[in-house]
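Tertiary structure, described
Listed below, chain by chain, are the residues.
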Amino acid sequence: MTRVRVTAPATAARPVTESREAAQESDVGQVFVRSLIRSQLRLALVVAGGFLVILGAFPLLLAAVPGLADTTIAGIPFDWILLGAGIYPVIGLSAWLYTRTAARNEARYRDLAGDP
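The model shown is predicted, which means the values in this text are computed figures rather than measured ones. (Residues numbered from 1 in each chain as written. Predicted model: local features only at pLDDT ≥ 70, side-chain atom pairs only at ≥ 80, totals over all residues. Heavy atoms only, no water.)

Some words on the overall build of the protein
- Across its full length, the protein holds 4 helices and 2 strands.
- Reading the secondary structure of the protein in the N-to-C direction produces α-α-β-β-α-α.
- Nonlocal contacts in the protein, meaning residues at least 24 apart in sequence, comprise 70% of its contacts between residues at least 6 apart.
- Entry remark: accessible area of the protein is about 9100 Å², with carbon and sulfur atoms responsible for 66%. (Helix = DSSP H or I, 4+ residues; strand = E, 2+ residues; numbered from the N terminus. Contact = heavy atoms within 4.5 Å. Areas by Shrake-Rupley, 256 points an atom, 1.4 Å probe, with all protein chains shown as cover.)

Concerning the packing of helix α3 (residues 78–85) against helix α4 (residues 87–113)
- In the contact formed by α3 and α4, the axes pass within 4 Å of each other and the chain directions differ by 20°. Taken as axis vectors, α3 and α4 run roughly parallel relative to one another. Along the contact surface, α3 presents L82, L83, G84 and A85, while α4 presents I87, Y88 and P89.
- When its residues are assigned to classes, the contact of α3 with α4 shows 6 nonpolar, 1 polar and no charged. (Axes fitted to C-alpha atoms, helices over the stretch in contact; angles between N-to-C directions. Parallel < 35°, antiparallel > 145°, perpendicular 65-115°, else oblique. Nonpolar A, V, L, I, M, F, W, Y, C, P; charged D, E, K, R; others polar.)

Examining the UniProt feature "transmembrane region" (unreviewed entry) in the protein
- The UniProt feature table records "transmembrane region" (unreviewed entry) at residues 43–68 and 80–98.
- Across residues 43–68, helical content stands at 85% and strand content at 0%; the span's end C-alpha atoms are separated by 34 Å.
- Within residues 80–98, the helical portion is 95% and the strand portion 0%, while the C-alpha atoms at the span's ends are 27 Å from each other. (UniProt positions renumbered as here; feature names shortened; annotations may be inferred.)

A word on the nonpolar core
- Counting residues in hydrophobic clusters, the biggest one holds 7 residues: F58, L62, L68, F78, L82, I87 and V90.
- Those elements giving two or more residues to this core turn out to be α2 (27–64), α3 and α4.
- Leave out the neighbours within four places in its chain, and V90 touches F51, I54 and F58. (Core = buried A, V, L, I, M, F, W, Y, C linked by side-chain atoms within 4.5 Å. Buried < 20%, exposed > 50% of the residue type's maximum accessible area, 1.4 Å probe, protein only.)

Regarding the packing of α2 against α4
- Between α2 and α4, the least distance of the axes is 10 Å, while the angle of their chain directions is 170°. The orientation of α2 with respect to α4, classified from their angle, is roughly antiparallel.
- Here the residues of the contact of α2 with α4 sort into 19 nonpolar, 5 polar and 1 charged.

Quick word on a nonpolar patch on the surface
- On the surface, a nonpolar cluster with roughly 260 Å² of combined accessible area is contributed by L52, L55 and L83.
- Among the structural elements, L83 can be located in helix α3.
- Given the relative accessible area of 42%, L83 is considered partly exposed. (Patch = residues over 30% accessible without salt bridge, like charges linked within 9 Å, V, L, I, M, F, W, Y side chains within 5 Å. Salt bridge = Lys/Arg side-chain N within 4 Å of Asp/Glu carboxyl O.)

As structure tokens, then:
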């Protein structure tokens, strides 16, 4: 038996440009990087805070509407349905919002730093 080596075709790796390294080492580049980090941190805190506020509103909704906590649908308590099925769209929306805005922040950084 002969051994066969399976390899991927040779691809041209994207070279690290000197402009990126120079931008990160210069004073202006460091300001851009710090600005990107601050904006990403701010975004993460806002999205997480909004998610926690909405998550905390579910029990308040059950407490605000009398008799809602005692309601059952097909033998399942409504509060279980609300927490089980109602939270997933909120999670998906939070993830979509975070991903979209983080990509926009990074694109702005690339434009400022002059990366291709």
